[in-house]
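Understanding the architecture of this molecule
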Amino acid sequence: MKITMKFGGTSVGSVAALKQVVQIVQSAKNNGHQPVLVVSAMSGVTNKLIAAAHAAEAGDERAAQQARLEIERRHAETTRELLGDSAERDTVLAEVRRLLNEFETLCHGIHVLGELTPRALDVISGMGERMNAPQVAAILRANGLDAVAVDARQLIVSDGRHGAATPQIAATAERTQATLPPLLAEGKIPVITGFIAATADGVPTTLGRGGSDYSATIIGRALPADEIWIWSDVDGVMTTDPRIVPEARSIRHLSYVEVGELAYFGAKVLHPRAIRPARQANIPVRMLNTFNPTHPGTLIDGNIEADGRAVKAITAIKDMSIITIAGTGMMGIPGVAGRTFSAVARTGTSVLMISQASSEQSICFMVKTAESPVVLAALREELARELERRDLDEISVQDETVILAVIGAGMKGTPGISAKVFGALGAAGINIVAIAQGSSEYNISLVVAHGDANTAVRLIHDEFGLAA
Ligand code: ADP
Ligand code: ASP
Ligand code: MG
């Protein structure tokens, strides 16, 4: 089988992890598979690069020097352990240094200009992957595996939306098919940089934070692969974030739609857009643990399986703001909802949840807190006349809110799920700020205050017996 295997930041973030990666790839080869690797930056590197770029914009250039030293040391130590004193190590470190020189030069420019453009930020944030793919390929070669690093900017053609680029399917398939099958035919193992892409004109972009998952499914679809395996540091998709509920259990099987909801509503284990390419091409995805490779993890495919559980998982998206537009005059204003959402869309912000009171006297919706000031400004401008005439009251914002999503295909047509959710929270005195049911009926989402979120997740997890 052709298998696209993505290794996340922690899976390539230490000597011990990289030894696991070698084992995993070796065993895939021994089983007759053709692995195509997609790798993230070493854990923490992307955060450091981005923080330094922001610091440079704010006038602090030393952060870039510090980041450079730390990242260089990380790669130097890793390669010393895994490549020894070798020409391979020298080549990897020369590339790391070349990229870090470029990084420092870019940060200097940002510092001088006092401006960090989205385009420059994409170039900087993607450097971790460009340092790591050659490193992982060299480590595999040192272990007798014929690996070759590939820059994803040669394969994934995207639009120009920096920080959240969308791939162009036909162009990506064309380049991928021209590049990868010949390598596989020679018995080589491509090691592709996750997270990064380029426009048709060659302008570098990124697919959004956590985007290496998306790279893996994009490449998987373009190849096409028989399966896509996402290697991370947990035993697959869990019933909820194990950092919130340590008893969270790994889920053996999920459908594409369920995982789509989970990822969209904040389960960090998969990038929100990553499931789409796999679903479109009907390629099974396995979520696996690099540190526990014999665990079966989670299989994701098109089967919507009723396993007797209506609710399968709960997610939380933190740092959200709820924006409410209300006013007794609202009923009389034609198209106010349309104008509201068009104004929001013009800011490029995505709305994660909408709820409208049936009286038509208010509309409320959720956006990321970081994006709420620009959304508010756009709304105040769009609805200036109505606000002035007092047809609408002030547009209000409540920060520090969290969207919880209760997910499971078996919820469709099962009565009483909402009652159980609300009952459990009500009994604990947790106030529900807003509610929405997804049109798929595979999820109920609700909004609670930040301070209540973890307790609410635990209560719902218990209420549906998900730990058992
Ligand atoms: P990687 O670097 O491999 O992409 P991430 O840190 O992005 O890994 O994602 C894995 C992490 O996601 C886990 O360590 C876990 O803490 C977190 N997580 C949040 N929700 C879930 C969930 N429902 N199932 C599994 N992991 C989750
Ligand atoms: N390195 C990138 C990030 O930290 C992409 C990824 O890890 O998936 O966002
Ligand atoms: Mg991730």
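Remember, predicted model here, so these are calculated numbers, not experimental data.

**Examining the site of ligand 2**
Lining the immediate surroundings of ligand 2 are Ser 40, Thr 46, Glu 129, Phe 195, Arg 209, Gly 210, Gly 211 and Ser 212. In the environment of ligand 2, an oxygen atom lies 3.3 Å from a nitrogen or oxygen atom belonging to the side chain of Ser 40. A distance of 3.0 Å separates an oxygen atom of ligand 2 from a polar backbone atom of Ser 212. Coverage of ligand 2 by the protein chains reaches 86% of its 260 Å² of free accessible surface. Here the shell around ligand 2 is built from residues that sort into 1 nonpolar, 5 polar and 2 charged.

**Digging into the site of ligand 1**
Contacts to ligand 1 come from 16 residues, most closely from Lys 6, Ser 232, Asp 233, Met 238 and Lys 268. Take Arg 243: an N or O atom from its side chain is 3.1 Å from an oxygen atom of ligand 1. Alone, ligand 1 offers 570 Å² of accessible surface; in the complex the protein occludes 88% of this. Each residue belonging to the shell around ligand 1 can be placed in one class, and the counts come to 6 nonpolar, 5 polar and 5 charged.

**Concerning the sheet that holds strand E8 (residues 253-255)**
Pairing is mixed across the open sheet formed by 8 strands, whose spatial order is E3-E4-E2-E1-E7-E9-E10-E8. This sheet does not close on itself; its edge strands, each paired only once, are strand E3 (147-150) and E8. Sheet twist, expressed as the mean angle between neighbouring strand axes with direction ignored, is 20°. Running over the sheet, helix H1 (residues 15-30) touches strand E1 (2-7), strand E2 (34-39), strand E4 (189-193) and strand E7 (227-232) and is turned about 175° from E1.

**Brief notes about the environment of Ile 430**
Looking at the element boundaries, Ile 430 is found in the loop between helix H14 (417-427) and strand E15 (434-437). We classify Ile 430 as buried; its relative accessible area is 9%. Sequence separation of Ile 430 and Leu 207 is 223 residues, and the distance between their C-alpha atoms is 36 Å. Not counting the four nearest positions on each side in its chain, Ile 430 is found in contact with Leu 425, Val 448, Asp 452, Thr 455, Ala 456 and Leu 459.

**Here's the deal with the layout of surface pockets**
As a volume, the second largest pocket reaches approximately 190 Å³. In terms of lining residues, the second largest pocket is bounded by 13 residues, among which Pro 167, Ile 169, Arg 221, Pro 277 and Gln 280 are the most central. Examining the composition of the lining of the second largest pocket, we find that 4 residues originate from one element, helix H8 (residues 212-222), more than from any other. Class assignment of the residues belonging to the lining of the second largest pocket gives a composition of 7 nonpolar, 4 polar and 2 charged.

**A look at the sheet that holds strand E16 (residues 443-449)**
An order of E12-E13-E11-E14-E16-E15 is seen for the 6 strands of this open sheet, with the pairing classed as antiparallel. Edge strands, defined here as strands with exactly one partner in the open sheet, are strand E12 (353-356) and E15. On average, each strand axis in the sheet is inclined to that of its neighbour by 30°, with strand direction left out of account. For E12 and strand E13 (residues 362-368), the ladder comprises 4 bridges, and the chain directions are antiparallel. Opposite Met 353, over in E13, you have Met 366 as the bridge partner. Packing of helix H11 (residues 336-346) onto the sheet brings it into contact with strand E11 (313-326), E12 and E13, and relative to E13 it is tilted by some 15°.

**A closer look at H14**
Along H14, the positions that sit buried rather than exposed are Ile 417, Val 421, Ala 424 and Leu 425. An end-on view of H14 places all buried positions within 95° of arc, on one side of the element. Opposite the packed face of H14, turned more than 90 degrees from it, sit the exposed residues Ala 419 and Ala 427. Packed against the buried residues of H14 are strand E14 (395-407), E16 and helix H15 (450-463). With its phi angle positive at about 75°, Gly 429 sits one or two positions after the end of H14.

**Examining the packing of aromatic side chains**
Taken as a whole and judged by the stated rule, the model has 4 aromatic pairs. Ring centres 4.9 Å apart and planes at 80° place the aromatic pair Tyr 264 and Phe 265 in the edge-to-face group. Overall, Tyr 264 belongs to the partly exposed group, its relative accessible area being 37%. Ring pairing ties together the aromatic residues Phe 7, Trp 229 and Trp 231, which thus form one cluster.

Parameters and conventions
- Residues numbered from 1 in each chain as written.
- Chains lettered and ligands numbered in written order.
- Predicted model: local features only at pLDDT ≥ 70, side-chain atom pairs only at ≥ 80, totals over all residues.
- Heavy atoms only, no water.
- Near = heavy atom within 4 Å.
- Polar contact = N/O pair within 3.5 Å; in protein donor to acceptor, adjacent residues only side chain to side chain.
- Areas by Shrake-Rupley, 256 points an atom, 1.4 Å probe, with all protein chains shown as cover.
- Nonpolar A, V, L, I, M, F, W, Y, C, P; charged D, E, K, R; others polar.
- Pairing = 2+ DSSP bridges.
- Helix = DSSP H or I, 4+ residues; strand = E, 2+ residues; numbered from the N terminus.
- Axes fitted to C-alpha atoms, helices over the stretch in contact; angles between N-to-C directions.
- Contact = heavy atoms within 4.5 Å.
- Buried < 20%, exposed > 50% of the residue type's maximum accessible area, 1.4 Å probe, protein only.
- 1 Å grid on protein atoms, 1.4 Å probe; cavity = no way out; pocket = protein on both sides within 12 Å on 5 of 7 lines; lining within 4 Å.
- Points joined across faces, edges and corners; volume = space filled by probe spheres on them.
- Arc of directions from axis to C-beta.
- Phe/Tyr/Trp six-rings, centres within 6.5 Å; stacked < 30°, edge-to-face > 60°.

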